[in-house]
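Working through the structure, step by step
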Amino acid sequence: MRASSWWRRPSAGTALLLAVWLNLGVGQNQPSAQPGGDKLKLRLAGYPRKHNEGRVEVFYKGQWGTICDDDFTLANAHVLCRQLGFVSATGWTHSAKYGKGTGQIWLDNVQCSGSEKGVEFCESRGWGNSDCTHDEDAGVVCKDERLPGFVDSNVIEMQVDENHFQEVRLRPVADGAPKRMPVTEGVVEVKFKDGWARVCGLGWGPKNARVVCGMMGFPSERKARNLHRTINKRAAKSKALIANSPHSSAASKLASNIRIHSVACAGNEVHLSVCPMEFTKGNVSVACPGGVPAMVSCLAGPQFSHINGKKRKIKTPSKVRLKGGAKTGEGRVEVLRNNQWGTVCDDRWNLQAANVVCRELGFGSAKEALTGARLGQGIGPIHMSEVQCTGWEKSLWNCHFKNITLGDCKHSEDASVRCNVPYMAYEQTMRLTGGRSPTEGRVEVAAKTGNGTWVWGLVCGEGWGTREATVVCRQLGLGYAKSGLQETWYWETNNVTDMVLSGVKCTGNEMSLSHCRHHAVVNCQKAGSRFAAGVICSDTASDLVLNAPLVEQTVYIEDRPLHMLYCAAEENCLSKTAAKANWPYGHRRLLRFSSEIHNIGRADFRPKAGRHSWVWHECHRHYHSMDIFTHYDLLSVNGTKVADGHKASFCLEDTECQEGISKRYECANFGEQGITVACWDLYRHDIDCQWIDITDVKPGNYILQVIINPNYEVAESDFTNNAMKCNCKYDGHRIWLHKCHLGDAFSEEAEKRFEQYPGQLNNRIS
């Protein structure tokens, strides 16, 4: 939490400017370039628009400004689109088609030949020299194809106008009451350059309250006829100083410093500053005659609602979800259709659509709408395109959208969101110390002593892993986990030496380490700071998924002679009964298939161990960079393993990549191992250990399960998609796989049907 104890939400600006941000190098021949190596920024803005079109804006000398359409040509648009990361331009617009900008008009009479590296190399009247108005702002339409290797944030968001208020917060009416998170009600306060001020409560309505609640991370406002009286009664129970009448001293105090006279929101805005409003004039003696400041009371979503210490359960499963985000309330948007989850194409994706998603999931309004698979690519179907919402819809499915046809969209265009979420002050109870940077260090947590005071203490490193580190990084707002460390003796120490938490076990989805299971009484075999838990956090993470259809297409049975299985036996790739076989005579029955493992995350998947610790296997003559990379299991109806296999990472490398992506990892000549983003590693069905030994399995119906990175050895942005399941039918001679899918690809209803298909219950062929 900030220095102030009141809860506030960072603002994003006054005008609905939707922007794609990127940094561009400034040419040396640009006389107006800022000294010290500062970067020139460009963005597309305006509304409505798609992510590859908009008003062109340039950030120069600390201020955003536009380009005039005088003498503008397609050659100018080509240069600008390439700077924005697109291959070329398909057109340009004049006369402020995407709305009028604000601030400076930085460039006028721009004349490019089309071959320049940037607009700063084109001829013009010079920076800030223009006779245009914002009615003449130029725009561009870029070809929706990215330059290979070009990386930008692809963020559509509100932009800050520093001349307007910058933040909004709720100040609790009961100043002396114990603060309980989240703060759901209070006086609305807005921050100007010179400090905080209030809004007049006269004429304040539920639509205004809905916008404020959305900014605070809440999906809706609380319906109350006399909100001031309700809030004051609630505050009175805490015996705090309250404004119980317009004539009280507290009321006078609250009514002071009112700088906004009235606000008239439509209710679907994502920020209060977008709403029409009147500011208090300086010559008015009473800013809010007979009134009190605007107050709101918000309803928290299920994730943040606590009744008797327990979270409120979600009654109806949502048909929308977020995947792959580092923080609560952010991720790739996925929707459920025909019992199968799929993604949303980013064509026409904007804040209004993102707003509907956020509120539907129990969060507040949208903070950012992201395009270009900013939070990782999905896999499987793409269910929606060109989604258009008003902001009032209860579900994204109520918005107008187009169905996807073949070739319309790729997963590189998956839409994502970042939502406003309630401030919970989780980071106040944890800190990192001793690390080389703010994103790493030894984990210290605040613990309450017997006399009621709070002290900092260490977390026992025993059993500490990637999932626990994931929760810590999320709680501190530091992104994804890169590593969970069980020993931290190599980092600097301080005077904090006592272990206050041990036996921590997290699923990886918790918002705070306090939500994870742990010992009731500290029990740590290795005490001292050198054995305390530590983390390394990162802005990005990998995400591995298996190509499920390929498993179904390539499965078969092989009776392989024992004399060809000596190396496999050495690496424990056969069932235990193989040791009792009459070697080298006889055979083993193997269920074989290919595994194609894709990295759809935003960071390369690298083995945890460095090359110095890889294990050489003489029989197969290769290095294992991970002891266990995948588990292969054949399960009965009750989940019991009837046969299993495992796959050490013989060699993690890039077999193939998406168009425009270069391979980075190759195992030949003791090369670096890993899987690059947007590449995949193929383990063919005909290589050793790419099987399950089913020699002892009786005919029947089973479930084939494949789990990647089963021990969570390497951090990923999403572990829920690491498992793949198939219905498996074996008649003693042949084998069939049906409905192969990732573990999180089906609806709950479809998953139940999958586990109980005909013939499964009696484990016999139907």
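The text that follows walks through the structure, step by step, so that each part is easy to find. (Residues numbered from 1 in each chain as written. Predicted model: local features only at pLDDT ≥ 70, side-chain atom pairs only at ≥ 80, totals over all residues. Heavy atoms only, no water.)

Side note on the pattern of salt bridges
Taken as a whole, this structure holds 33 salt bridges when the rule is applied. Its salt-bridge partner being Glu558, residue Arg592 comes within 2.6 Å of it at the nearest N-O pair. Note that Arg592 is positioned in strand E34 (residues 587-592) and Glu558 in strand E33 (residues 556-561), a separation of 34 residues in sequence. Notably, a salt bridge pairs Lys725 with Glu751, separated by 3.9 Å at the nearest N-O pair. Linking Lys725 in strand E44 (residues 723-730) with Glu751 in helix H9 (residues 748-755), this pair joins segments that are 26 residues apart in sequence. (Salt bridge = Lys/Arg side-chain N within 4 Å of Asp/Glu carboxyl O. Helix = DSSP H or I, 4+ residues; strand = E, 2+ residues; numbered from the N terminus.)

As for unusual backbone geometry
Leaving glycine aside, a negative phi is the common case for residues, and trans is the common case for peptide bonds. Each neighbour pair has its own omega, and for Met181 with Pro182 the value is 0°, a cis peptide bond. For the bond from Trp583 to Pro584, the omega torsion is -5°, close enough to zero to count as cis. Secondary-structure assignment places Pro584 in the loop between helix H8 (566-570) and E34. Notably, Arg348 is not glycine yet its phi reads approximately 65°, a positive angle. You will see that Tyr712, though not glycine, has its phi angle at about 55°, which is positive. Here Tyr712 lies in the loop between strand E43 (700-708) and E44. What makes Tyr712 partly exposed here is its relative accessible area of 28%. (Buried < 20%, exposed > 50% of the residue type's maximum accessible area, 1.4 Å probe, protein only.)

Brief notes about the sheet that holds E33
The 3 strands lie next to each other as E33-E34-E42, forming an open sheet whose pairing is antiparallel. Whereas interior strands pair on both sides, the edge strands pair on one side only; in this sheet they are E33 and strand E42 (691-693). Averaged over all pairs of adjacent strands, the angle between strand axes in this sheet comes to 35°, irrespective of strand direction. Alignment of E33 against E34, held across 6 bridges, turns out to be antiparallel. Considered in E34, the bridge of Arg560 is made with Arg588. (Pairing = 2+ DSSP bridges. Axes fitted to C-alpha atoms, helices over the stretch in contact; angles between N-to-C directions.)

Considering the packing of aromatic side chains
Tallied over the entire structure, the rule returns 15 aromatic pairs. Ring centres 6.3 Å apart and planes at 70° place the aromatic pair Phe192 and Phe279 in the edge-to-face group. Pair noted here: Phe192 is in strand E11 (residues 185-192) and Phe279 is in strand E15 (residues 277-279), with a separation of 87 residues, a long-range link. When its relative accessible area of 8% is taken as the criterion, Phe192 is described as buried. Put simply, the rings of Tyr60, Trp106 and Trp127 touch in pairs and so form one group of aromatic residues. Just above the ring of Trp392 sits the side chain of Arg210; from NZ or CZ to the centre is 4.5 Å. (Phe/Tyr/Trp six-rings, centres within 6.5 Å; stacked < 30°, edge-to-face > 60°. Lys NZ or Arg CZ within 6 Å of the ring centre and 35° of its normal.)

Comments concerning the environment of Thr390
Topologically, Thr390 is positioned in the loop between strand E23 (382-388) and strand E24 (400-402). Separated by 34 residues in the primary sequence, Thr390 and Val356 have C-alpha atoms spaced 8.5 Å apart. If we skip the residues at most four places from it in the chain, Thr390 touches Asn268 and Gln352. Of note is the side chain of Thr390, whose polar atom sits 3.2 Å from the backbone nitrogen of Trp392. (Contact = heavy atoms within 4.5 Å. Polar contact = N/O pair within 3.5 Å; in protein donor to acceptor, adjacent residues only side chain to side chain.)

Observations regarding the sheet that holds strand E40 (residues 656-657)
Each strand in a sheet pairs with another by means of backbone hydrogen bonds, the pair being arranged parallel or else antiparallel. Strand order in the open sheet formed by 4 strands is E32-E35-E41-E40, and the pairing between neighbours is antiparallel. Either end of the sheet is taken by a strand with one partner, and the two such strands are strand E32 (544-546) and E40.

Thoughts on the state of the cysteines
Covalent bonding between the sulfur atoms of two cysteines defines a disulfide. Scanning all chains against the criterion turns up 15 disulfides. The partner cysteine of Cys200 in its disulfide is Cys288, sulfur to sulfur 1.9 Å. In this structure, the disulfide formed by Cys200 and Cys288 twists by about 60° around the S-S bond and is classed as right-handed. Of this pair, Cys200 sits in the loop between strand E12 (195-199) and helix H2 (206-215) while Cys288 sits in the loop between E15 and strand E16 (295-299); the two residues are 88 residues apart in sequence, bridging distant segments of the chain. By the burial criterion, Cys200 is buried, and Cys288 matches it. Here Cys573 pairs with Cys689 through a disulfide, and the sulfurs are 1.9 Å apart. Note on the Cys573 and Cys689 pair: the S-S dihedral is about 95°, so by sign convention the disulfide is right-handed. (Disulfide = S-S within 2.5 Å.)

Overview of the nonpolar core
Counting residues in each nonpolar core, the largest one holds 57 residues, and the members touching the most others are Trp204, Leu272, Trp349 and Leu396. Here this core gets 6 residues from one element, more than from any other, and that element is helix H5 (residues 351-360). Residues Val555, Leu634, Leu652 and Ile694 belong to the second largest nonpolar core, which totals 38 residues. (Core = buried A, V, L, I, M, F, W, Y, C linked by side-chain atoms within 4.5 Å.)

Regarding the pairing of strand E14 (residues 258-263)
Strand direction decides the pairing type here: E12 and E14, joined by 2 bridges, are parallel. Bridge pairing links Arg198 to Ile258 in E14. Bridge count between E14 and E15: 3 bridges; the pairing is antiparallel. Considered in E15, the bridge of Ser262 is made with Glu278.

Remarks on H5
Counting buried residues along H5, 9 of its 10 residues qualify, which places the element largely inside the surrounding structure. Taken as a whole, H5 has its buried residues at Leu351, Gln352, Ala353, Ala354, Asn355, Val356, Val357, Cys358 and Arg359. Of the residues flanking the start of H5, the one acting as N-cap is Asn350, its side-chain oxygen 3.1 Å from the backbone nitrogen of Gln352. Once H5 ends, the next one or two residues include Gly362, with phi positive near 90°.

What to know about the pairing of strand E26 (residues 430-433)
Sheet topology note: the E26/strand E27 (residues 440-448) ladder contains 4 bridges and is antiparallel. Note that in E27 the partner of Arg431 across the bridge is Glu444. With antiparallel pairing between neighbouring strands as the criterion, E26 and E27 make up a hairpin whose turn holds 6 residues, including Gly434 at a positive phi of roughly 85°.

Comments concerning helix H6 (residues 466-475)
Burial analysis of H6 places 9 of its 10 residues in the buried class, the great majority of the element. All of the buried residues along H6 are Thr466, Glu468, Ala469, Thr470, Val471, Val472, Cys473, Arg474 and Gln475. Tucked inside the fold, the buried residues of H6 contact E26, E27, strand E29 (480-485) and strand E31 (534-538). Within two residues after H6, Gly477 carries a phi angle of roughly 70°, on the positive side.

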